[in-house]
Every structure is written in C-alpha cells, then in structure tokens.
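As a plain string of letters, each chain reads:
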Amino acid sequence: MAVGLDTGVPWVMCKQQDAPDPVIDTCNGYYCENYTPNQKYKPKMWTENWSGWYTEFGGAVPRRPAEDMAFSTARFIQNGGSFVNYYMSGSLDLSLKCHVWVQYHGGTNFGRTSGGLFIATSYEYDAPLDEYGLLNEPKWGHLRDLHKAIKLCEPALVSVDPTVTWPGKNLEVHVFKTDFGACAAFLANYDTNSSANVTFENGQYELPPWSISILPDCKTTVYNTAMLGSQSSQMKMTAVNSEFTWQSYNEEPASSSADESVAADALWEQINVTRDSTDYLWYITDIIIDPNEGFIKNGQNPVLTAMSAGHALHVFINGQLSGTMYGSLEYPKLTFSDNVKLMVGNNKISLLSVSVGLPNVGLHFETWNVGVLGPVTLSGLNEGTRDLSKQKWSYKIGLEGEALNLNTESGSTSVEWVEGSSLAKKQPLTWYKTTFSTPEGNDPLALDMISMGKGQIWINGLSIGRHWPGYIARGKCWDCNYAGTYTDKKCRTNCGKPSQRWYHVPRSWLKPSGNYLVVFEEFGGDPTGIFLVKRTAASVCADIYERMPTLKNREMLHSGKLVRPKAHLWCPEGQRISKIAFASYGLPQGSCGNYREGSCHAHKSYHAPEKNCIDKQSCFVTVDPTVFGGDPCPGTAKKFSVEALCS
C-alpha cells in the first residue's frame with residue numbers, strides 16, 4: 001500500500017528486514033551498531049535509540065546511564081550509521097550533513113492514553129528532557145557534547161568508509177581519512193571492567209571501560225563517552241499550598257436493579273462490553289443462603305473464588321468492600337480467593353473489574369482478554385462448592401460518578417457532597433473535589449498523591465490520568481554501573497516505594513484561581529495528604545577528571561596553551577547557589593547527593609567553589625592542583641567532585 005501511493009519520498013519501516021524498495025528498513029533498540037539495511041544502497045538508520053524504559057505500575061523505575069547511551073550512539077556512528085533518532089524524540093542525521101537537534105522530551109499519559117498494560121501515567125522514559133520539560137542532567141549535557149564532537153567529524157564521516165583495526169583484546173579503532181586531508185578517529189574499549197591504553201598515530205590514549213573516545217582530527221581527544229563533563233542534578237518536589245479543603249461523595253456499589261444494567265447467564269469479556277469507554281465494569285449476581293447452612297452456626301465463612309483475566313478487581317459483598325486484588329504487567333491475570341461474610345437470605349455480590357490500559361505488543365495481543373471470565377465459585381457450603389459462573393449475571397458499564405460527570409463543575413451539582421468532620425477517608429468508591437489558585441512563577445507543578453490508593457484525577461474537567469501510589473514497586477534496586485550491556489532490569493530506582501507518587505499538572509490547563517480538582521478513589525485513601533508541589537533543583541553536582549577531554553582541546557593545538565577542564569555548575573532560572581554541600585579534589589567516592597571523601601583529599605577543596613559560586617546562578621571552577629592548595633597525591637589520576645545547593 002505504502003509503495004503504491006508513489007509519494008516520491010522513501011518510506012521508513014522500523015524493524016522490518018524484508019521491507020521492499022524503496023522502503024528503508026531501520027533499527028530500534030538500545031544498541032544498533034551491528035544492524036545493516038537489507039540493501040547496500042540504503043542508509044543505515046536508527047529510528048529509536050531508547051533513552052530508558054517505561055515505568056509500570058508495580059515496577060521499579062528504569063534509568064539508563066548517560067555514559068551507556070552516548071557509547072551506543074558513538075558506536076553506531078563509527079560503524080557507518082547515518083541517522084540516530086532518540087526515543088522519545090530527537091535526531092542526529094549524517095546522511096547528507098550533520099544536524100544536531102536534541103529536543104528529546106519525556107511525556108505524560110494523560111487521561112486513559114497509556115500505550116500498554118499497567119503503564120504508569122508518567123511516560124518520562126529517562127529522557128534528556130524530563131516529563132516536566134526540565135533538563136535531565138547529566139544525560140542532556142552529555143549527549144549535547146557528544147553531538148558537538150560528532151559534528152566536528154562531519155567532513156570525514158560523510159566522505160569515506162572507515163578503516164578498522166584491532167590493537168588489542170576488546171579494543172577497536174575506526175579511522176575516517178580522506179584524500180583532501182580530513183581525518184576523524186573513534187577509539188573504543190569494549191572491556192566492562194578495565195581501562196586500556198591505546199597507541200594511535202604516535203600518541204597514547206587512555207580509554208575507560210566500555211567507552212569510545214572521539215578524535216575529530218585523528219590527534220586530539222575532544223570527548224569520551226564514559227567521562228561526564230556536564231553537571232548532574234538532584235530534583236525536589238516542594239509543596240506550594242496548604243492543605244486543600246475537600247468535599248467527598250461516596251457512590252454505592254452497583255446493583256442488578258439498576259436501569260442501565262444488562263444480564264446474561266454467563267461471564268462476559270470486559271472490553272467487548274465496555275468498548276474501552278471506561279476502565280470499569282460491574283459484574284453483579286445474587287446468592288441465596290439457606291438458614292440451615294453449617295457456616296451460619298460454626299462461624300466458618302465460605303470462600304469466594306473469582307478468577308479474572310485482569311487487571312484489578314474489587315469485591316463487594318452486600319455493599320461492603322470485601323477485598324481487592326490486582327495483577328501486574330508480567331502477570332495480568334489474578335485470582336481473588338477469601339472468606340466472605342454472607343447472611344441468611346439474598347446476598348448481593350458485586351465485582352468491580354478494572355482495566356489498566358490495552359495491550360499494544362505481543363503475540364496475537366488483539367485476542368488478550370480482560371475481566372472476570374471465571375470460574376467463580378463459593379466453597380464451604382453444605383452442598384460443597386457452588387459454581388456461580390453460569391448463573392445470572394448483571395452488567396453495568398462504568399461508575400455512577402462517570403455517568404453524572406462528577407469530574408466537571410456542572411456535573412458535580414447533581415449529588416450531595418459532605419465536608420469537615422463528615423469527610424470520607426479510607427473508604428472505597430469515593431469522589432473528592434476542591435478548588436485552588438495557581439501558584440506564582442513558572443516552576444512545573446504536580447500533585448503529590450502519596451496518601452491515596454488507586455483511581456483517577458481531573459483538573460478543570462481534563463484528565464490528569466490514573467493514579468496508583470498504592471502499588472509499591474517490586475524487586476531490588478542495586479548501585480548502577482554504566483559499563484556493560486544495558487537492559488531495563490539493570491539500573492532501577494524506587495524499589496519499595498510507589499511506582500509513581502507525583503502526577504504532572506500542566507500550567508497551561510490552569511486558571512489564575514478557581515481551578516476545579518476532582519479525585520476518584522477506588523479502594524481507600526486520605527485526601528488530606530494530597531499536596532500541589534513544584535519541581536525544582538535541590539542541588540547540582542559535577543565530577544570532573546583532571547585529564548577530562550573537552551571540546552576546547554582542539555583549540556590547544558592552535559594556541560599552544562594547556563586547556564584545563566572546568567567544573568561548570570548552574571542552578572535553574574530563579575535559583576542561586578546557596579551552599580557548597582560537598583567538594584573534594586583527589587579521589588572522592590559516591591555520586592551526586594551521596595558524595596564522601598576518599599583516601600586522597602585536598603584540604604582546600606572548598607575554597608574555590610565557595611569563592612566562585614556562592615550567591616550566583618552559575619559558576620566555573622578550574623580543575624587544577626594550584627586551585628586547591630597543591631597536589632594531594634602526586635602521580636595519581638584525580639578528579640574534582642562538588643555538590644552545590646540551589647535555593
């Protein structure tokens with residue numbers, strides 16, 4: 001079909017090796033250096049260089065080291081790559097000339113738009129620009145410098161194919177040398193543990209583990225993928241309001257007598273019923289309990305078992321929440337099995353099945369099911385186990401509050417709200433509303449939902465998305481080493497904490513005052529713990545080695561002057577450096593926010609940053625022994641680590 005349109009412009013097809021001419025097949029992934037197009041005359045294109053991975057509800061938050069991302073890009077370019085597009089967005093094009101465009105931005109799954117099962121509302125993806133539009137340092141700065149270094153290589157890169165040599169184990173050298181004098185070299189060390197010294201063109205070059213050095217003139221190192229020349233940032237969320245004044249409304253579990261319900265002697269698949277118009281579908285049935293049942297006398301309540309294809313399930317018995325179960329991205333199916341309190345006579349069983357996104361990838365994912373498909377049984381009766389799966393079930397699509405549009409100001413007038421001492425807390429199926437004024441300034445805003453369980457959020461009638469701070473991230477998080485092949489399981493954070501606590505509030509959605517905030521809570525939370533917060537930099541850090549390659553190194557050849565690397569610190573607009581929290585020239589240990597002195601430390605390490613930086617938005621500190629009172633450990637390769645507080 002695409003070819004038949006005859007657009008005159010080649011189509012691009014990712015991950016499709018048999019793409020017909022003139023369609024260009026391309027690569028997606030963390031690494032694409034070994035990919036080759038299906039025809040020699042097609043450009044080698046990388047349409048998605050993944051900057052991280054998505055956050056799933058119930059999962060830890062993946063982070064991809066800036067060093068590894070730069071390494072993967074440099075390796076692709078040295079192997080003949082002509083185009084790199086960063087996922088989220090942004091590109092580096094070498095097919096005709098170098099374009100350095102680094103607008104790669106994390107996102108938010110507003111509403112119910114998450115592209116997959118259990119995908120969190122935040123779709124930040126550890127992108128160089130975060131979900132809030134702020135620089136994600138050091139990734140932003142490190143990739144910026146990489147693109148500048150590659151740009152310096154442009155005359156050679158677009159003119160010839162490389163000559164490749166292997167000077168030692170895990171070492172590789174790519175040289176692009178033209179007849180008109182242009183020359184660029186990429187020196188690579190693929191060892192994940194050890195540094196290496198490489199002799200090239202009568203020069204000695206030290207390569208850290210898992211790194212590539214770029215020499216735009218085949219002489220001078222201007223960049224190494226493992227050496228971060230840009231600052232790092234520690235971000236913080238600060239409350240900008242006092243407690244909200246909330247009102248609440250509790251809706252009742254659906255009953256089969258509802259006018260809008262339908263019935264069948266079977267259990268139906270959820271999406272076939274709801275058509276994805278809502279996350280919610282009620283499965284409702286009745287159970288008659290005879291007064292002669294043994295459990296009435298012995299107190300051993302029967303066990304209700306309900307098997308669901310996913311994704312979450314709230315079980316109500318006679319209008320009371322009896323339990324909640326939910327699956328995960330890896331195992332979306334779930335089984336509720338617990339004792340339930342039943343009384344003599346008719347009992348109302350109301351199962352609220354909740355979907356969390358639609359499948360978007362996987363074998364025959366269009367056939368994947370959602371909802372209570374059974375069997376549903378009740379055991380512990382005189383008769384043994386009663387199968388409820390084929391008895392009459394009533395279905396009600398969505399919530400009462402959705403039908404009444406309680407998320408809008410006009411719809412909210414249709415019910416009676418309570419407040420003050422009557423405010424509902426820790427109760428299921430509860431709607432909360434309040435109003436607030438927009439705080440001054442331009443800092444990005446979010447809602448801190450740490451006190452809530454699961455549900456949805458609206459502001460001025462627009463859906464912020466699903467909230468689920470009650471789902472704690474599983475697994476273990478270890479210290480992250482950039483070296484070695486990256487996977488989404490390698491460098492993770494937030495273990496033992498909510499997968500997502502803060503929910504982005506775009507300022508463009510807000511009015512100066514009277515903003516209408518509505519929160520729906522499925523299984524119980526305390527709205528008095530919700531706060532509007534702003535995202536700002538808490539501190540900024542730099543780790544600069546004394547022999548750090550810089551883009552200014554090329555100037556050294558022309559001027560004859562030695563260029564010392566500098567630590568560059570800067571706070572965002574509206575903030576200034578208020579304190580130097582840590583400084584050490586020598587062998588400091590740790591990372592930003594967790595530095596400590598090592599076995600070698602210059603005792604005047606604080607003097608220069610305090611003199612140059614306090615009360616300024618930005619500053620430089622030259623990394624030179626004379627700046628810190630002398631060399632604390634001669635003959636040892638040293639670095640300068642510094643952390644400055646922004647306020």
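Source: prediction; values computed, not measured.

**Some remarks on the domain arrangement of the chain**
- Taken as a whole, the chain is organised into domain 1 (237-249 + 402-536) and domain 2 (253-398).
- Between the C-alpha centres of domain 1 and domain 2 the distance comes to 28 Å.
- Between domain 1 and domain 2, the residue contacts involve 14 residues of the former and 19 residues of the latter.
- Buried area between domain 1 and domain 2, summed over both chains or domains, comes out near 1300 Å², and the portion from carbon and sulfur atoms is 59%.
- Viewed at the interface, domain 2 and domain 1 are joined by one salt bridge.
- Its salt-bridge partner being R466, residue D279 comes within 2.8 Å of it at the nearest N-O pair.
- Scanning the region where domain 1 abuts domain 2 turns up six residue pairs in polar contact (both at pLDDT 80 or more).
- The residue makeup of the side of domain 1 that touches domain 2, split by class, is six nonpolar, three polar and five charged.

**Notes on helix α1 (residues 66-78)**
- Counted at 1.5 Å a residue, the expected span for α1 with its 13 residues is 18 Å, and the 18 Å between its end C-alpha atoms agrees.
- Of the residues trailing α1, G80 is marked for its positive phi of about 95°.

**What about the sheet that holds strand β20 (residues 280-289)?**
- The strand order across the open sheet formed by six strands is β19-β28-β20-β25-β22-β23, and the pairing between neighbours is antiparallel. Strands at the two margins of the open sheet, each flanked by one partner only, are β19 (262-264) and β23 (320-326). Averaged over all neighbouring strand pairs, the angle between strand axes comes to 25°, with direction disregarded.
- Sheet topology note: the β20/strand β28 (residues 393-397) ladder contains four bridges and is antiparallel. Considered in β28, the bridge of L281 is made with I397.

**Remarks on the pairing of β28**
- Burial of β28 is extensive: four of the five residues sit out of reach of the surface.
- Pairing of β19 with β28 involves three bridges; the strand directions are antiparallel. Each bridged residue has a counterpart across the sheet, and for A264 the counterpart in β28 is W393.

What counts and how
- Residues numbered from 1 in each chain as written.
- Predicted model: local features only at pLDDT ≥ 70, side-chain atom pairs only at ≥ 80, totals over all residues.
- Heavy atoms only, no water.
- Domains from an automatic or database assignment.
- Contact = heavy atoms within 4.5 Å.
- Buried area = accessible area lost by both parts, 1.4 Å probe.
- Salt bridge = Lys/Arg side-chain N within 4 Å of Asp/Glu carboxyl O.
- Polar contact = N/O pair within 3.5 Å; in protein donor to acceptor, adjacent residues only side chain to side chain.
- Nonpolar A, V, L, I, M, F, W, Y, C, P; charged D, E, K, R; others polar.
- Helix = DSSP H or I, 4+ residues; strand = E, 2+ residues; numbered from the N terminus.
- Expected span 1.5 Å × (residues − 1).
- Pairing = 2+ DSSP bridges.
- Axes fitted to C-alpha atoms, helices over the stretch in contact; angles between N-to-C directions.
- Buried < 20%, exposed > 50% of the residue type's maximum accessible area, 1.4 Å probe, protein only.

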